Amino acid sequence: MTAKIIDGKAIAEEVRAGVKTAVAERVKAGKQVPGLATVLVGDNPASQVYVRSKRKACAEVGIESFGFELPATATQQEVEDLVKKLNADPKIHGILVQLPLPSHLDDQAVLGAISIEKDVDGFHPLNIGRLAMKGRDPLFVPCTPAGAMVMLEKTLPKLEGVNAVVLGRSNIVGMPVALLLVRANATVTICHSRSKDLPAICREADVLIAAVGRPEMVKRDWVKPGAVVIDVGINRIDDPSAPKGSRLVGDVAYDEVAEVAGAITPVPGGVGPMTIAMLMQNTLRGAELADR
Ligand code: NDP
């Protein structure tokens, strides 16, 4: 068997095009342009790149972005004061605090200071709590898990009763994706670093989501023939033959797993492009919430 490749770039493009159309329609109807505030603390080069690409994506879909930069020496109070100011600004419908924050700052306190109506990253404990509760809905779902679900649902529209295994239980990927799968009525097993016999657990999966940050950990014989494999991992490994001397791989050994899986996301070009697309969608939603 050779797996169908789930094209994250193409699906992300569809999501962005939908957001662009909806933003243009809002503007035509005289409603506010959605606004995203990005908060960057310190000078971590990777964070600078992420914030730049998020602001570029905003410009492409017609969302206004407002960049705020604080020095690496900023105090907890200064960061939280900025967040409170943005909470009160009616032009801003989404607040994105780029993680990781410098180590002297309490990131949970900063994320908790964001108004849940503007929590476009979906990391506020109230939004995560609502995601876990029956009969309650979060205002926003974290972008990477939401993107993984869009890809999965396009590939396997009926998730009811399927066996899903999630590798990883982090606050930003593993746990929210597992909660989303439960909401979709899948039967979910969550694995982590203390789980025993991962290959045997994974082999039971109709849907396997890998979010561990371990390069190419999931091997061919871990995967049930025909399973849908969503690889969230992004890992840089040395490769002297690559132009940069390194390349990106996922948490799944792509070439060998693609021989048994029914469908698989590549890395790069899989879940990665979906994250920013879902951020655009969440910011649009923030503006729609403010209309009410
Ligand atoms: P974390 O390091 O926060 O969490 C990793 C999880 O994997 C933990 O729950 C950990 O278990 C578990 N784990 C680690 N090693 C093993 C192992 N050997 N066996 C079983 N479980 C293990 O990572 P994130 O969730 O933030 O990210 C996961 C991956 O997704 C990374 O590669 C990251 O780069 C990528 N990522 C991609 C994004 C995208 O846009 N596509 C966005 C965010 C992340 P325990 O809890 O016991 O420690």
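Our structure's up above, just so we're on the same page.
Keep in mind it's a predicted model, so treat the numbers as computed, not measured.

Caption draft 1: Representation of the overall build of the chain within the structure. Of the regular secondary structure elements, the chain holds ten helices and eleven strands. Against the 2.2 N^0.38 benchmark of 19 Å for 292 residues, the chain shows a C-alpha radius of gyration of 19 Å, consistent with a compact globule. Projecting the C-alpha coordinates of the chain onto the three principal axes gives extents of approximately 55 × 40 × 35 Å. Across the 292 residues that make up the chain, the buried fraction comes to 48%. Nonlocal contacts in the chain, meaning residues at least 24 apart in sequence, comprise 69% of its contacts between residues at least 6 apart.

Caption draft 2: View of the environment of Leu 105. Its place among the elements puts Leu 105 in the loop between strand E4 (94-97) and helix H4 (107-113). Given a relative accessible area of 8%, Leu 105 falls into the buried group. As for Leu 105 and Met 278, which are separated by 173 residues in sequence, their C-alpha atoms are 27 Å apart.

Caption draft 3: Representation of the state of the cysteines within the structure. By the definition in use, this model includes zero disulfides. Left unpaired, Cys 58 is separated from the closest cysteine sulfur, that of Cys 143, by 11 Å. Take Cys 58: its relative accessible area is 0%, and that puts it in the buried class. Take Cys 143: its relative accessible area is 4%, and that puts it in the buried class.

Caption draft 4: Representation of the site of the ligand in the model. Residues in close proximity to the ligand total 21 residues, the closest being Arg 169, Ser 170, Ser 193, Ile 234 and Thr 275. Here an oxygen atom of the ligand and a side-chain polar atom of Arg 169 are 2.7 Å apart. Computed on the free molecule, the ligand has an accessible area of 930 Å², of which 71% lies beneath the protein chains in the complex. For the shell around the ligand, the element with the highest residue contribution is helix H10 (residues 271-291), accounting for three residues. In terms of residue class, the shell around the ligand is made up of nine nonpolar, ten polar and two charged.

Caption draft 5: Representation of the packing of helix H1 (residues 8-28) against helix H6 (residues 143-155). At a minimum axis distance of 11 Å, the contact between H1 and H6 shows a crossing angle of 105°. Taken together, H1 and H6 sit at an angle that is classed as roughly perpendicular. On H6, the residues touching Gly 8, Ile 11 and Glu 14 of H1 are Val 150, Met 151 and Lys 154. When its residues are assigned to classes, the contact of H1 with H6 shows three nonpolar, one polar and two charged.

Caption draft 6: Quick look at the packing of H1 against helix H2 (residues 45-61). The N-to-C vectors of H1 and H2 enclose an angle of 55°; their axes lie 8 Å apart at closest approach. As far as their axial angle goes, H2 and H1 are oblique. Residues Arg 16, Val 19, Lys 20 and Val 23 of H1 touch H2, and the partners they reach there are Ala 57, Glu 60 and Val 61. Looking at side-chain class alone, the contact of H1 with H2 contains four nonpolar, no polar and three charged residues.

Caption draft 7: Representation of the pattern of salt bridges in the model. A full pass over the atoms with the stated rule returns nine salt bridges. In this structure, Lys 154 and Glu 14 form a salt bridge, with 3.1 Å as the shortest nitrogen-oxygen distance. Of this pair, Lys 154 sits in helix H6 while Glu 14 sits in helix H1, and the two are 140 residues apart along the sequence. A salt bridge links Asp 89 to Lys 91; the shortest N-O distance between them is 3.7 Å. Its relative accessible area of 46% is what places Lys 91 among the partly exposed residues. Bridged by salt links that share partners, the residues Arg 16, Lys 56 and Glu 60 form one connected network.

Caption draft 8: Here's a closer look at the nonpolar core. Of all hydrophobic cores here, the largest spans 51 residues; its most connected members are Leu 152, Leu 181, Ile 209, Ile 230 and Met 280. Of all elements in the fold, only H1, H2, H6, strand E5 (163-167), helix H7 (174-183), strand E7 (207-210), strand E8 (228-231) and H10 reach the threshold of two or more residues within this core. Per-element tally for this core: the top contributor is H10, with nine residues. Of the residues that make up this core, three or more belong to each of domain 1 (30-116) and domain 2 (143-272).

What counts as what
Residues numbered from 1 in each chain as written. Predicted model: local features only at pLDDT ≥ 70, side-chain atom pairs only at ≥ 80, totals over all residues. Heavy atoms only, no water. Helix = DSSP H or I, 4+ residues; strand = E, 2+ residues; numbered from the N terminus. Rg over C-alpha atoms; globule rule 2.2 N^0.38 Å. Buried < 20%, exposed > 50% of the residue type's maximum accessible area, 1.4 Å probe, protein only. Contact = heavy atoms within 4.5 Å. Disulfide = S-S within 2.5 Å. Near = heavy atom within 4 Å. Polar contact = N/O pair within 3.5 Å; in protein donor to acceptor, adjacent residues only side chain to side chain. Areas by Shrake-Rupley, 256 points an atom, 1.4 Å probe, with all protein chains shown as cover. Nonpolar A, V, L, I, M, F, W, Y, C, P; charged D, E, K, R; others polar. Axes fitted to C-alpha atoms, helices over the stretch in contact; angles between N-to-C directions. Parallel < 35°, antiparallel > 145°, perpendicular 65-115°, else oblique. Salt bridge = Lys/Arg side-chain N within 4 Å of Asp/Glu carboxyl O. Core = buried A, V, L, I, M, F, W, Y, C linked by side-chain atoms within 4.5 Å. Domains from an automatic or database assignment.

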